[in-house]
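Single-letter residue listing:
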Amino acid sequence: MSEPRRVRRFERKRKRRRRLAALVVLLALVVVVPLALLGVTGGGVGSVGSSLGSLQSQLVGGIQSLPPGTSSTGGSGEEELARSADEATGAAREGDQGGGQSGGGGNPGAGESGGGAEPSLSQPSPAAAAYAAVAPALPGAEPSGVGTTFQSTDDPSWAVTEIEDPSRDGAYAVYSKKVGRKWEARRSVLADNPDYPEKGRAPLVGLPEDVRKSLYPEPGATIGPADGPEAEARILASDSLYLGGGWEPVALQKEGDFARVRMQGGSGERTNAYLRSYEGSWYTLGLGRNLTKAELPGFPEPLVASGSLPEAGPAMVPTAEPVLEGVPRERREEVEEGLGEVRKIVEDYEGTVGVYVQDKSGDWGYGIRPDERFYAASVIKLPVMAAVYRKIEAEELSLDETVATEDRDYAGGAGGLQWQEESVSHTVSDYLWMMVKQSDNVATNLLVRTVGGPGYVNEVANDLGAENTEIHNKVTDQRAAAPGLDNYTTPRDMAEILSGIASGEAANEAHTGEMLGLMRQNGPESWVGGDLPPEAEPACKVGWINGVYNDICLVQTEGEPYIISVFSKYGPPRVAPGVSTLGGISEEVWEIQTNAGKDEENKKDEKERDKKQEKQD
């Protein structure tokens, strides 16, 4: 009998607890004992012990670390964020599945754009819905990676399914919503931030409380396994992790190493717990009213309804074919040659890279995979900045206006605001600087809320020519399993947005200068702009999250300024290869642009010499 996934997870957690215990002892010897000898007593030592105990409890509680979401705290912006996130698959349901369901990682150039099976996003079970949304995009995703499913008892129209991350020792929590008789994946988060659970739950606005808590179990949650199905059911009934107490096991049906226990809540609610025995211990492998064999493949059908995962994937990478659009005839040869060098860099990268370069006016451009859908990461802050200035010019907002942070703004990742107390106040101008220069996620979420929600930001992005860009999650340090379940964009879209900012389409001349001034402060640290000559004056915004390395810059040359937009996904966890790849692409593009300008100057000089020679003759 194969080892159940929860057993493997339990063993991993037990090893981590052992390592943590050793760490606690070491810290006690290194920190606490010397402090005690120095006479430091009371709250100081107690605080250290309390923090370590809390961390240990979180690790212990993480045995069943599956997904949840923060509840909506009201306000039009927050409600719109939850509504927008729930409708994340709307475009795909209407046939716009292109970038969101294709292109993961693996072997660049191995497949065609949109390659791999793309099943319907409406499926008969939560696990099937999760797999249909994730497998065509996540490199290495396989049916064997689909783990436990828990259906909410607070709102049974929601369920969460665990899908292993093939690239690390972790898992994604994929949340599915029941629509009629079908399920559709709506949200996803990488469950690897147990130290700050509330910040890790930031993208999960509006989800039921029980699945929200299940992402990172609270320290007091009881966790199995137990020595019998009845005992495991009793643990589950009293467990604050999923059922919240007040439940009772009322019926048990057992077949060999499998069991189904009907559970009943204090108000008459019902659900089923699906248990399995392994080496004498029983584990809960699923919870729900009507789970199927898609969620529980090893269970006998008398205990579970029939069902299976759809044919999906594997994730295919669109070929790295050069794209040239409107490139002037006199520059075409230079661009084609340079783009060939860019292609080599792109194909050598471990993940998937997309590039788009265009002149500042947007009249022509070139690149590789310019319309592939990528995680936006912090580059999504560009349309947020443009949206803020649109509100300022509409006299609905002021740079000097003071706004206080709220609990719903807080998220993990970049920036210092996350460590400040709630209700701290700063001006809109200060928040803009924090968002663009420090890439502060709390400042970003506050500004999105202040302009009216993600719908307005998306409207501004669309008005600037970005038709495949959407913000529907809070900005945080957790990414989803697939770009279509996250904030997403394309290299071309983001180039269009920056072109709109630079050309004055987004705001008036003074505000355009302010926006580009903020971005120029990022130039020295930019992966694309940092190694360019000083005269390039790069105005940049970087984005980085879990194997995603993005950068976009407006670059000055002696000829025409240009915009370079480079995005990547499913890359290596180490930053260095991503930085090297983006920097190498930027160097090649700089050569293309500056050589083209030199060629133009040389041709002009040659014409002038010819004219002078003709006059002399």
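In case you missed it, the structure is sitting above this.
Computed from a predicted structure; not experimentally measured.

Sorry, what's going on with unusual backbone geometry here?
Both trends apply: most residues other than glycine have a negative phi, and most peptide bonds are in trans. A positive phi angle, close to 60°, is found at glutamate 395, a residue other than glycine. Mapped onto the elements, glutamate 395 comes out in the loop between α11 (381–393) and β13 (402–404). Even without being glycine, glutamate 537 reaches a positive phi, approximately 45°. Looking at the secondary structure, you find glutamate 537 in the loop between α16 (509–520) and β16 (539–545).

Can you walk me through the sheet that holds strand β5 (residues 248–255) in this structure?
Read from one edge of the open sheet, 8 strands run β4-β3-β2-β1-β8-β7-β6-β5, paired in mixed fashion. Because the sheet does not close on itself, it has two edges, and the strands there are β4 (182–190) and β5. Shown here is a sheet whose adjacent strand axes are inclined to one another by a mean of 30°, direction ignored. By the bridge criterion, 7 bridges tie strand β2 (residues 158–164) to strand β3 (residues 171–179) in an arrangement that is antiparallel. Pairing of threonine 161 across the sheet is with valine 174, part of β3.

Would you take a moment to explain the pattern of salt bridges for this structure?
One pass over the full model with this rule turns up 15 salt bridges. Note that aspartate 409 is salt-bridged to arginine 449, the shortest N-O span being 2.7 Å. Note that aspartate 409 is positioned in the loop between β13 and β14 (425–427) and arginine 449 in helix α13 (residues 441–450), a separation of 40 residues in sequence. For the pair shown, aspartate 409 and arginine 449 are each scored as buried. Linked through salt bridges whose partners overlap, the residues forming this network are Glu406, Arg408, Asp409 and Arg449.

Got a minute to help me understand the nonpolar core in this structure?
One broad trend across soluble globular proteins is that nonpolar side chains are buried collectively. Core analysis: the biggest nonpolar cluster contains 56 residues, and Met385, Leu432, Leu447, Leu498 and Ile501 have the highest contact counts within it. Secondary-structure elements contributing two or more residues to this core are α11, α12 (428–437), α13, α14 (454–463), α15 (491–502), α16, β17 (548–555) and β18 (562–569). With near-sequence residues (within four places) excluded, methionine 385 lies in contact with Leu432, Met435, Val436, Ile501, Met515, Leu518 and Met519.

Conventions used here
- Residues numbered from 1 in each chain as written.
- Predicted model: local features only at pLDDT ≥ 70, side-chain atom pairs only at ≥ 80, totals over all residues.
- Heavy atoms only, no water.
- Helix = DSSP H or I, 4+ residues; strand = E, 2+ residues; numbered from the N terminus.
- Pairing = 2+ DSSP bridges.
- Axes fitted to C-alpha atoms, helices over the stretch in contact; angles between N-to-C directions.
- Salt bridge = Lys/Arg side-chain N within 4 Å of Asp/Glu carboxyl O.
- Buried < 20%, exposed > 50% of the residue type's maximum accessible area, 1.4 Å probe, protein only.
- Core = buried A, V, L, I, M, F, W, Y, C linked by side-chain atoms within 4.5 Å.
- Contact = heavy atoms within 4.5 Å.

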